[in-house]
Amino acid sequence: MDICSQIHNFFYLKPRLKFPFNEAEIPSNGIYVLFEKGESGHQRDRIVRVGSHTGENRLYSRLYEHFIKENKNRSIFRKNIGRAILNKNNDFFLGQWELCLTSKVNRSKYTGQVDFAYQKEIEEQVSEYIRSSFSFIVFKIVDKKLRLALESKLISTISLCGNCKPSRNWLGLHSPKKKIRESGLWNEHHLYKTLLSENEIKIIMQS
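Now for a description of the structure that goes with this document. Values in this document were obtained by computation on a predicted structure and should not be read as measured data. (Residues numbered from 1 in each chain as written. Predicted model: local features only at pLDDT ≥ 70, side-chain atom pairs only at ≥ 80, totals over all residues. Heavy atoms only, no water.)

## Let's talk about the pattern of salt bridges
Now for step 1: For the structure shown, the criterion picks out eleven salt bridges.
Now for step 2: Where E65 meets R62, a salt bridge forms, and the shortest distance between an N and an O atom there is 2.2 Å. Within this pair, E65 and its partner R62 are both found in helix α2 (residues 59–67), separated by three residues, close to a single helical turn. Assigned by exposure class, E65 and R62 land together as buried.
Now for step 3: Across the pair R78 and E123 runs a salt bridge, and its minimum N-O distance is 2.9 Å. Taken together, the residues span a long stretch of sequence, with R78 in helix α3 (residues 76–88) and E123 in helix α6 (residues 116–133) at a distance of 45 residues.
Now for step 4: On the basis of relative accessibility, which here comes to 0%, the residue R78 falls in the buried class.
Now for step 5: On the accessibility criterion, E123 (3% relative accessible area) is buried.
Now for step 6: A cluster of three or more residues bridged by salt bridges with shared partners is formed by R58, R62, E65 and R74. (Salt bridge = Lys/Arg side-chain N within 4 Å of Asp/Glu carboxyl O. Helix = DSSP H or I, 4+ residues; strand = E, 2+ residues; numbered from the N terminus. Buried < 20%, exposed > 50% of the residue type's maximum accessible area, 1.4 Å probe, protein only.)

Take a look at the structure:
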């Protein structure tokens, strides 16, 4: 069995979470693995995103920013879902959606250029899509260096797999981001690099 089949089989058996979820269900430090409705690989639900966190004790916070907090400037995952929705609909707002308003300087610079009422509508559409379409598993990895290494190699392993292809109806095929369209993942970093080693697979399975 190839590595990607192994991890899909293993994650398939782990308890699955979806919105709404409780903080008590999420380890303080770890990795999350997302599955999307309608997507399959290895005769299982296909992994469509892997993510983690750099700050200590922030796994729940990252998931909160993806699923609950309606602010695309705090979640690249939300921003990418919005990009795909807008691009699919040939929506003029895509250019405004691309603007990052995190810093005070940018908020001041772009305030007059953004239709914030419409942005709120798109944020709501993004929330509806994420909450209704995605489920996920989490596993605990306390050590930051190991956590980020496993995240990177999980993404690489899946992106290198010839059997993990998106369906014809996958929203990500409408993404303006080539890496998302071609990889079938809602990830842009760590693609096509290093496969998980046997020891790293054991660490994941023992987590």
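Next comes the rest of the description.
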